[in-house]
Amino acid sequence: MTSAGEYEIRVADDDGDGNDALRSNKTFDTVSVCDTHVVNDRGAGEASQGVKRSTPAVAASALGEKSRQFWREFSWREASGAMGDLGTFLPLLVGLSVECGVDAGTTIVFTGAYNILTAFLYEIPMPVQPMKTIAAVALGDAPLNSNEIMVAGLFVSGVVFILGATRMMDTFNKLTPLAVVQGMQVGLGMLLARKGFLLAVYSSSDTSQVRNMLGTDGLLVTIIAMCAVMYISAPEYPSIRSSGVLDGGERSKRRRHYIPTALILVIIGIIMAMTKDGALDGLSFGPATPKILTTSWAEAKRGIINAGVPQLPLTTLNSVISVCALSKELFPASPASPSSVATSVGMMNLLGCWVGAMPSCHGAGGLAAQYAFGARSGGSVVFLGTCKIILGLLFGSSLLNLLDSFPKTILGVMLFSSSLELIGMGLKTKPGWQQHQKYLVMVTAAVTIATKSTAIGFAAGIGTHILMEVQRRVECDIDVDSTSGA
């Protein structure tokens, strides 16, 4: 069965500009050319010194070239894509800050820096989002404090960093059947769609109270936002594409996909949030002051056992394996490698959690969300990171009231619509796939949805894969025996 590390990928995006297929890693080309030039012109000893002297200049030149590339490719659509994952980021950030004492100002600045660094590292809109299991445990019936949350993040990041640095993550990726990965994507997409729908329609988490029709968090806002997003994002019918309509009409249909939907929704949401009572109370200039982590053994033990251990499978599977598989599908010219992503997740938190930044990771849902709303290059997350850093330095944690006032209806609509991209990627079959591979996708997705756990879904998928392999070998042996007897 095809593994997640080796499968066919499409050459270009249906509605993209095709630039992804033309991208190459200019940094390495520049370094290799420079180094070769130095070695050919001088002796071996001088070459070594020349390379060392030229390395800072080469790195600066490469960063400058990437920056110019991001600027050339940047558009309102890229800015819209940058906002695509806020439906997950904002509710968890506000919840952890209000309920658990996580420093919102420090988190905003550090996640902004993560955005910019990963943009230059991968050259794709690699997302930075909260570690969801840690957040869910921290906000549960037995809430965790800030120290316990940070220790949980450090534990997960330390393990993932080791897996990435030793390249064990690449081996794990090659051994994982692609159908299992896509099943997790479908299951996670369905769970995110459900969460977005509940957030947009219900005012209570147990679905006992439907939102009022009017108001900034009313159903009317949900209906209008949902209709707008679905109209703009939905693909054309094949019959319309091939019916030979007038050029002007065809261009008009394509142009709607370039409307910066998420950016417009975020701007409208901020304006609506500012009209709420108390939204601007306490807003003041000045960044938050990071606090060095100091924790007790009891807090460390509770954080690791209650939140760190449950988070580890999700980070390994969704934040590394699944996001890398999705990056190969969406950006075939510049896919992310599992070891690189694992190392990135580890380094982010091994630095940020020590000063109070919310535990963060990458994720397939975030990448699909940003792609669905228009992100096609690293420039989109550079824009997002820059906005975060500016806001974090200007207002710090005093932004919390305003962020908490952002309409949940709009966040829910954004989360629901962006999850459809992840579901679609998971349902896409590869050339040569047989029925047993589709069956494996369905089993993994169904168990993931039923248990609300990608780890259990992954275990079910792997178990089914092993059973089908045993079945294949047994039946092959039976067929061979039957043929020999005949």
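Source: prediction; values computed, not measured.

Participant: Could you clarify how one ought to interpret the overall build of the protein chain in this entry?
Facilitator: Broken down by element type, the protein chain carries 21 helices and two strands. Looking at the 486 residues of the protein chain, the share that counts as buried comes to 50%. Sequence separation of at least 24 residues holds for 84% of the intrachain contacts in the protein chain that already meet a minimum separation of 6.

Participant: Would you explain the nonpolar core in this entry?
Facilitator: Generally speaking, a soluble globular protein has its nonpolar side chains buried in company with each other. Ranked by internal contacts, the top residues of the largest apolar core, which has 85 residues, are Leu96, Ile149, Leu326, Val341 and Met414. Here this core takes 10 residues from helix H14 (residues 297–330), the largest share from any one element. Sequence-distant contacts of Met414, that is, excluding residues within four places in its chain, are made with Met83, Gly84, Leu86, Ala262, Leu265, Val266 and Phe373. Formed by 12 residues, the second largest nonpolar core is a distinct cluster that contains Leu440, Val441, Phe458 and Met468.

Participant: Is there a simple way to think about the environment of Arg77 in this case?
Facilitator: Within the element layout of this structure, Arg77 appears in helix H3 (residues 76–82). Between the C-alpha atom of Arg77 and that of Ile259, which follows or precedes it by 182 residues, the distance is 6.5 Å.

Participant: How should helix H15 (residues 338–352) be read in this particular structure?
Facilitator: For H15, built from 15 residues, the straight-helix expectation of 21 Å at 1.5 Å per residue is met to within 8% by its first-to-last C-alpha distance of 21 Å. Within H15, 11 of the 15 residues are buried, which leaves the element mostly enclosed by the surrounding structure. Within the sequence span of H15, burial applies to Pro338, Ser339, Val341, Ala342, Thr343, Ser344, Val345, Gly346, Met348, Asn349 and Gly352. On its buried face, H15 sits against helix H5 (104–122), helix H7 (146–165), helix H8 (168–175), H14 and strand S2 (360–361).

Participant: Please clarify how empty space enclosed by the protein should be interpreted in this entry.
Facilitator: Think of a ball as big as a water molecule: rolled over the atoms, this probe shows where empty space is left. Across all of its chains, the model carries four cavities of 30 Å³ or more by this definition. A volume near 60 Å³ is recorded for the largest cavity. Lining the largest cavity, in full, are Ala82, Met83, Asp85, Leu86, Phe89, Val128, Gln370, Leu384 and Lys388. When residues of the lining of the largest cavity are traced back to their parent elements, those giving at least two are helix H4 (86–100) and helix H17 (378–395).

Participant: Is there a simple way to think about the confidence of the model for the protein chain in this case?
Facilitator: Regions with low pLDDT carry predicted coordinates that are not meant to be interpreted in detail. Counting all residues, the mean pLDDT for the protein chain is 83, and 83% of those residues have values of 70 or more. Segment residues 1–53: pLDDT under 50, and 85 contacts once partners within four positions in sequence are set aside and those in other chains are kept. Note on residues 244–253: pLDDT is under 50 here. Beyond four places in sequence and across chains, it has six contacts.

Participant: Sorry if this is basic, but what is going on with the packing of aromatic side chains here?
Facilitator: Working definition: an aromatic ring pair is given by the centre-to-centre distance plus the angle between the planes. Counted under the stated rule, the structure contains seven aromatic pairs. Relative to Phe383, the ring of Phe74 has its centre 5.4 Å away and its plane inclined at 45°; by these criteria the two rings are tilted. Taken as a pair, Phe74 in the loop between helix H2 (44–73) and H3 and Phe383 in helix H17 lie far apart in primary sequence, 309 residues in all. Using a relative accessible area of 28% as the deciding quantity, one classes Phe74 as partly exposed. Using a relative accessible area of 25% as the deciding quantity, one classes Phe383 as partly exposed. Measuring from centroid to centroid gives 5.3 Å for Phe285 and Phe395, while their planes differ by 25°, and the two rings are stacked. One end of the pair, Phe285, is in the loop between helix H13 (261–274) and H14; the other, Phe395, is in helix H17, with 110 residues separating them in the sequence. Over the face of the ring belonging to Tyr371 we find Arg376, whose NZ or CZ atom lies 3.6 Å from the ring centre.

Participant: Teacher, can you tell me more about the layout of surface pockets here?
Facilitator: For the largest pocket, the calculated volume is near 1,300 Å³. Every residue lining the largest pocket is counted, 34 residues in all, and those nearest its centre are Leu92, Ala136, Leu191, Arg194 and Lys195. Top element by residues in the lining of the largest pocket is helix H9 (residues 178–201). It accounts for seven residues. Residue composition of the lining of the largest pocket, grouped by class: 18 nonpolar, nine polar and seven charged.

Participant: Is there a simple way to explain the side chain of Ser380 in this structure?
Facilitator: Here Ser380 shows up in helix H17. The class of Ser380 is buried, set by a relative accessible area of 0%.

Participant: Where do I start with helix H19 (residues 408–427) in this structure?
Facilitator: Along an α-helix, residues three or four positions apart point the same way, because every turn accommodates 3.6 residues. An ideal rise of 1.5 Å per residue puts 28 Å on 20 residues; H19 measures up with 29 Å between its terminal C-alpha atoms. Here H19 lies mainly inside the structure; 16 of its 20 residues are buried.

Participant: Got a minute to help me understand the environment of Leu220 in this structure?
Facilitator: Checked against the element boundaries, Leu220 lands in helix H10 (residues 219–233). Given the relative accessible area of 39%, Leu220 is considered partly exposed. Distance from Leu220 to Val201, taken between C-alpha atoms, is 9.9 Å for residues 19 residues apart in sequence. In this structure Leu220 touches Met213 and Leu214, once residues within four positions along its chain are discounted.

Participant: Help me understand the environment of Val345, please; the structure alone is not making it clear to me.
Facilitator: By the element assignment, Val345 lies in helix H15. Taking the C-alpha atoms as reference, Val345 lies 9.2 Å from Val128; in sequence the two are 217 residues apart. Other than its neighbours up to four places away in sequence, Val345 contacts Met131, Ser157, Val160, Thr315, Ser360, Cys361 and His362.

Here is what the cut-offs are and how they apply
Residues numbered from 1 in each chain as written. Predicted model: local features only at pLDDT ≥ 70, side-chain atom pairs only at ≥ 80, totals over all residues. Heavy atoms only, no water. Helix = DSSP H or I, 4+ residues; strand = E, 2+ residues; numbered from the N terminus. Buried < 20%, exposed > 50% of the residue type's maximum accessible area, 1.4 Å probe, protein only. Contact = heavy atoms within 4.5 Å. Core = buried A, V, L, I, M, F, W, Y, C linked by side-chain atoms within 4.5 Å. Expected span 1.5 Å × (residues − 1). 1 Å grid on protein atoms, 1.4 Å probe; cavity = no way out; pocket = protein on both sides within 12 Å on 5 of 7 lines; lining within 4 Å. Points joined across faces, edges and corners; volume = space filled by probe spheres on them. pLDDT = per-residue confidence, 0-100. Phe/Tyr/Trp six-rings, centres within 6.5 Å; stacked < 30°, edge-to-face > 60°. Lys NZ or Arg CZ within 6 Å of the ring centre and 35° of its normal. Nonpolar A, V, L, I, M, F, W, Y, C, P; charged D, E, K, R; others polar.

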